[in-house]
Each structure stands twice: as structure tokens, then as C-alpha cells.
2 protein chains.
Amino acid sequence: MEKTIKGIAEGTKRASYILSQTATELKNKALRRMAALLERNAKLIIAANQKDIRYAKAKKLPPALIDRLALNDKRIKAMAGGLNEVAALKDPVGEIIKKWKRPNGLEITKIRVPIGVIGIIYESRPNVTADVAGLCLKSGNGVILRGGSEAIHSNQAIVNILSQALSEVKLPEAILGFIGFTRHEAVKTLLKMDKFIDLIIPRGGEQLIRTVTENSRIPVIKHDKGVCHTYVDREADLNQAETISYNAKMNRPGTCNAMETLLVHRDIAGVFLPRMLKRFKEARVKIRGCVETQNIFPAAQKASEEDWSAEYLDLILAVKVVGGLKEAVAHINKYGSKHSEAIITENRKTAQLFLDGIDAACLYVNASTRFTDGNQFGMGAEIGISTSKIHARGPMALEELTSYKYLIRGSGQIRE
Amino acid sequence: MEKTIKGIAEGTKRASYILSQTATELKNKALRRMAALLERNAKLIIAANQKDIRYAKAKKLPPALIDRLALNDKRIKAMAGGLNEVAALKDPVGEIIKKWKRPNGLEITKIRVPIGVIGIIYESRPNVTADVAGLCLKSGNGVILRGGSEAIHSNQAIVNILSQALSEVKLPEAILGFIGFTRHEAVKTLLKMDKFIDLIIPRGGEQLIRTVTENSRIPVIKHDKGVCHTYVDREADLNQAETISYNAKMNRPGTCNAMETLLVHRDIAGVFLPRMLKRFKEARVKIRGCVETQNIFPAAQKASEEDWSAEYLDLILAVKVVGGLKEAVAHINKYGSKHSEAIITENRKTAQLFLDGIDAACLYVNASTRFTDGNQFGMGAEIGISTSKIHARGPMALEELTSYKYLIRGSGQIRE
């Protein structure tokens, strides 16, 4: 196994040099061809997917997981649409980031280049296979995919089709590496290939992220959990606070940018919480509150210490009454996951203290945390949301999949 | 030990939130105070340094290492001077990197922020202690220092003085953490503190870099070895080629941006190599050449496979004759360390192929690789030269010690 994985990694590295210098038009042609072939081979993909579904049902995997695993014509069309959208995005490679001249005449150009080879370790949803392959191709990066065992047949079928598209447009198929080994050791082996892989992006649950962080010799950008807060300040417009909080929780509770904890200023808790929590309760949200919350809204369960750092991804909400901005900031810095945090306030000074004080990728004033998303930011399709602070933070789109190099042009300069 | 290290890391993390919001003027005041106290306490530092020197001599460490370890008035003045220089540099924190408005009215600001807490693991030279403490302070980052056991007394003395300066200007001393444990396990323990440390920068030999890469749960930016090449093309100005190659090797052979391998185009090897290698030989440089080099310059020793990836940091030079640009590029991508590479040619097309084809931080046309340096690039003092491709590449100065966050200001926007 180790030999095979090394062979794949080495091959992708070699091919990535070719891809790094491939013209935008050819990359776009490959993306559009991939999209067309996915749609044309929908039946083949669905047949492979049926195998995965049968195994998943036999193994009694939870229905939510089986739903995420399932492919149909509509989902395959969406995958193809995604690839065509990426083809339409601006190519970040070759962009001049900065250019300057030194007193000795040296001309320095900082230019955007692909990172090299990116390893993606992910779980369940097979559409990720096409999505990340497309983003890496457009940004000039070789990619090595290692999906979950539960989606192995679907992923293999999709990769075969994407590879065919590469071959048809005369790009090396090796730029798209696929690890077919479903054993756990395959991941650990992959994480040792620091000679060939430049970056690892894990996408999945806490256990996966931990395994990757603890075993990788390759730089990792985490797409970790989202424990997002909304803090309703004493000077909030309470109607706005209600609308935004409701949206942050209910728009799509299963996403990483959904609200998990609601913080409320003590001075308005007695007015705000009854109406807000009543509305959540009507939407079948279970409330886990601090003692003060329970006093105001007796239907709330008692929150435990674990609730403050829980990523429910579900119709559960933790609620805490705080003494003011300072306590809210301290709570978020302690329990948050550095993802997306919001304050609702009409006081600009309070808002600024919130923006300054919190260490997170995205900080909102009077808006829903649900906007943390590459497309919503106008950056185009994203490969995920980084909760790391190194290299890329927040939505990670094409530009974040690049590195840079310095070109220094001289006329005989030497150092004294 | 683990408990103590955890305590230090936790304290530095907490203090880093205060530092991240400290005004530029106060940070500069601290830096200038550090500089003044270092000069005033030179005797104390030198006394501590003498202890380290005595141990080093007793342990029969190599003279070159003892020289790097030794402090005197001049070196302490240089340390103080470095801190004053950093005080004069522009503060990167708070800079607006980008600002835009979305169709729904959301205003997005991408703003520069400190990374958080940076762990520096380094060897021997005690001046690094003051240098990195200064750069981290100016960029708003907490720092945890873990120097080599051979410099423990010097480092501790310097840290005590820097801490006194922090305390005098009323900044928390905890922003400067120091690990006094000299055992190897201290490094491994530190590398597990991913809850409190955001980035690890190792500075040292291959063994140190390997230990860090293999054991760290924290993102690492490597300041790895420099195996730098100069390629003299068929269309080079041979006088310029000689001047640049000589400078690249001889200006300071012990630095990471010094030339280790000279590649020469076959068509001009017979003319260029005799004069070039004669000059190197006169400067007592040992030549390790390929067979063709030996045929042209019989005094050259035979190069082994290991020579092509060796970082000599010494008066040794590997020399290889190549068939042309393509072979030169392939050789550099195979054996180089992605640091600094130069081509000497008058042909702009050939130069462009070199710039496009090579995967390295800094690529030179008709100039010496010795210019890879923060100050030479006009970026100010550097914390090192990154050979990683993630986050920062090449000279890593104040700006590279920052991350960013998105501030999103709305007026009630929710996601549909």
C-alpha cells in the first residue's frame, strides 16, 4: 500500500509542474469537458452510488448520512454546474501581487503561483470529489483525493470520468490522484508524503481532523467545527436581533456557520428572551440555558459546561445571559471555534470593541453568520472555511489555493 | 515539566489578546526600552554567556559553534540596534488589506491582525532571542522561545532583561514566554500545545527541522536548508556570470542563500569553467564536479549523488555541466530546497522559462542569490527565510507574521 500511495503522490507532483504552467483556456476546457462527461455518464455514477448506498444500509449507517451519500440526476447536474461555474471564474495564477524596484536597480515581482499538490481527506458526500477537483485544477494544483470508505464506489466512478476528460484535452491524468485504499492506515501513509504533497485539507468530523493534525508532516489547513455565537447587546434593535438570530439558527441548522449559542445582555434578557425563545420553541428547537435563562424561560433545559463548546448542527441551541460586551467577548474567545461571530447593536463603539476583541475568521455587526461562504462574499466557489490562522482564514476560494514566488531581475548586481 | 510548559503557553495566549490590541506607540516604547536595557546590562549578559562558553568548551563543541555562541559588547550593541530598527518599522496590524460592498449592502473589510502566539525553536546564536522577540512584539504576537541548551544562560539573561522592559512600560511580561527546560522532551511537549500556540517556526539544522515537522500538531513554517544554484546559460555574459557566481559563493559561504551548486551550459563550459574554477580554487574552494567538469578542470574531485543536494555552508562547491535550460530546471526542481535560484543569460525568453519552470521562493535573473534577505528586499528585518509554500515564502518579515480577519458590517441582512 505504501508503495502504491508513494507512486501516486510522486506522479501527481510531477504532473503538477505541467499543470502549473498550463494556459487558462486549456484548464477551462478541461473543466467544461468534465461537466459534460459527468452529465452524460449520470447513469453509470448512480449505479456505482447504489452500491455504496446498499453497503451503508447493510451497515445501518444513520439516515442523515445515507441522505448525504445519495446521488441522483439533480445532484449530478449540480456537480456539473459547479465545474462550469469554476471555469467561468478568474484564473488566479500569474497575477502580479506587487512589484517594486530597489535602489540598486533590482526589480522585484511578487507573483501568484499554485501551491503544488493538495491532499484532500474528506468524508461521505461524493459531490466533494468533483468540487475540489475543479477548484484545484483551476488554481493549477495537482490534487490527491482520499474520500471516505462509505463513498468509495461513487468517488471512483466520478474520478474515472474526470480523468477521461483530462485525457481528452491532453492534460496528464496524474494531476488528479485518487487513493482507493479504504483502510485507516492509508490516511496516515498519505500524511507522510511531505516530499510530494504541499498542503492537506481535511474536511470532516472532529475525529478526522484530530487524526490528521496529529499525524501530518504536511502543513494542514483545518476546516474544523463551527461553534458560532450571536450576541444581542443592550442597545440592539430587538426586532432585528430576533430576525437575525432566527436566520442564523434556522436557515440551515446543519451547516458550520449556523448559530449554536445565543448570548444576551442581562439588561434586555427579560424582554428579548421570552419572545425569541418562544419562536425557537415553536420551530422545535431545544433550548439549553444558563440558570438566568431558565428563570426567564422555564421550558429551557439546564446547559452543561459541554454545551458551551458544542457544535450541534441540529435543532438545539445553547443560551446564556451575560453582563455585557466584555463577558460576551471572553466567552466567545474561550468557547468559540474562531469561525463566525455576530453582534447585534446600534452602538458603533460597542460594535468596534466586539470586532477588535474577538479572534475569529468572520465578525458580523447586525447580520447573520450564515453569510460566511465564498459565494456570499463574492469570492466564488470555496473549498471550505478555514478555522486556521495560517495562510488562509474564513472562506477559502481559488486565490487561497495559491502561494507566491519572487522574481528578481537584475543586470549583474552582487551583494557587497 | 508538561504542566509548567502548559502554564507558560496558556499565559502567553491570554496575554497575546492584550498585545493584539496594544497601540503602536506603546509597542515601540517597549522595543526602545528593551534596546536601552540590553546595552546597560551588557556586563550581566556577557557573564551569563561566559558560563555557556565554558560548558561548550568543556563539551568540546566545534570552534565555529562556540564563535556563534559568543557575545561581546559589539554583538550586544547590534542586538539593541536591531530592536531600535524594528521600532522604526511600520506596524502591520490593523492595515486594511481589502474592502468591498456586496449587492445586499454588506460591507466586508479584510483587516490585518496578529497571528496570536508564535513558538520559535532555535539553536545556538543568542542574538536570535532578542531579534525574534522584537519582531513578534511589533507584529502584536505573543512569543514562546525555546533556544538550544548550549545557550541557556545567555538566553535566560536576555529574556530577563526584555521582560523587565515590558514590565516597565506596563505590558504583560507573559507575552514573552521562555522555556528553560533543556531536555529534548520539552520541544515535543511544546509542539502539542496547539490550543495555545498558533504557529511554530523552527530555525536550525536538519535534525531540528525533522523533529519539529514530525511531532508538531501546530502549523509549522520551515526555515529549512538552502541548496541554491546558479545556472550559467549558453547566452550569458561570461564576465557577469563570473562576478555573480563568485559573489553568490564567496560573499558569505555560511549563509542559506549562498550558492552550493554551479550549473553550466555545455556550449560554454569549455570557456567558462577553466577561468571560473581557477578563481574558486585560488580562494580555497574545493570543487566537486560531474565527469565533464573533471575533464575540463582536472583538479575537481568527483561529485557523488549526495553532493547534488548538499548544503555545504562551507568552501565547497558542486559543479555540473548540463545540456541546456530544460536539464537545469529539472536538476534544480529535483535537488534544490525551493530557496533561491539564479540564471545568468542575456536571452529574455530563456530567462522567462527559468522563472516559470522552477518551484522556489526567489528566482534571480543576472543577480546574486545573496540578495534573498528581508532588508535587501526592502521589507525590513526578517525572522527567517521560509522554504514552505504555505502562508509565507522567502524572506519573512513583519507582514508575514500576521493573519487577517473579515469584518462584515450590515443593517439586518439575513440569508435567504
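Rules and cut-offs
- Residues numbered from 1 in each chain as written.
- Chains lettered and ligands numbered in written order.
- Predicted model: local features only at pLDDT ≥ 70, side-chain atom pairs only at ≥ 80, totals over all residues.
- Heavy atoms only, no water.
- Buried < 20%, exposed > 50% of the residue type's maximum accessible area, 1.4 Å probe, protein only.
- Helix = DSSP H or I, 4+ residues; strand = E, 2+ residues; numbered from the N terminus.
- Arc of directions from axis to C-beta.
- Contact = heavy atoms within 4.5 Å.
- Phe/Tyr/Trp six-rings, centres within 6.5 Å; stacked < 30°, edge-to-face > 60°.
- Axes fitted to C-alpha atoms, helices over the stretch in contact; angles between N-to-C directions.
- Parallel < 35°, antiparallel > 145°, perpendicular 65-115°, else oblique.
- Left-handed = near helix turned anticlockwise from the far one by under 90°.
- Nonpolar A, V, L, I, M, F, W, Y, C, P; charged D, E, K, R; others polar.
- Pairing = 2+ DSSP bridges.

Some words on helix α9 (residues 206-215) of chain B
Residues and elements named next belong to chain B. Three or more residues of α9 are buried, namely L208, I209, V212 and T213. The arc that holds every buried residue of α9, seen down its axis, measures 125 degrees, which confines them to one face. Where α9 is buried, its residues contact β3 (117-122) and β6 (199-203).

Observations regarding the packing of aromatic side chains
Residues and elements named next belong to chain B. The full count for this structure, using the stated rule, is eight aromatic pairs over all chains. Seen in terms of ring centroids, W100 and Y406 are 6.3 Å apart; in terms of plane orientation they differ by 85 degrees. Their pairing is edge-to-face. Of this pair, W100 sits in strand β1 (residues 96-101) while Y406 sits in strand β16 (residues 402-413); the two residues are 306 residues apart in sequence, bridging distant segments of the chain. For Y406, a relative accessible area of 1% translates into the label buried. Relative to F280, the ring of Y246 has its centre 5.6 Å away and its plane inclined at 20 degrees; by these criteria the two rings are stacked. Linking Y246 in helix α10 (residues 238-250) with F280 in helix α11 (residues 266-282), this pair joins segments that are 34 residues apart in sequence.

Section: the packing of helix α2 (residues 24-40) of chain B against helix α6 (residues 127-138) of chain B
Residue and element names in this part refer to chain B. Interhelical geometry of α2 versus α6 gives an angle of 165 degrees and a closest axis separation of 9 Å. Taken as axis vectors, α2 and α6 run roughly antiparallel relative to one another. Here the hand of the crossing between α2 and α6 comes out right-handed. For the pair α2 and α6, the contacting residues are T24, K27, N28, A30, L31, M34 and L38 in the first and A130, G134, L137 and K138 in the second. Of the residues belonging to the contact of α2 with α6, the class tally is six nonpolar, three polar and two charged.

Considering the sheet that holds strand β4 (residues 142-146) of chain A
Residue and element names in this part refer to chain A. Pairing within the open sheet is parallel, and its four strands lie in the order β5-β4-β3-β6. Strands with a single pairing partner mark the edges of an open sheet, and in this sheet they are β5 (176-178) and β6 (199-203). The average undirected angle you get between the axes of adjacent strands in this sheet is 20 degrees. Two strands pair when backbone bridges link them, and strand β3 (residues 117-122) and β6 are joined in this way by five bridges, in the parallel orientation.

Fair warning: the whole summary comes from geometry, so function is off the table for now.
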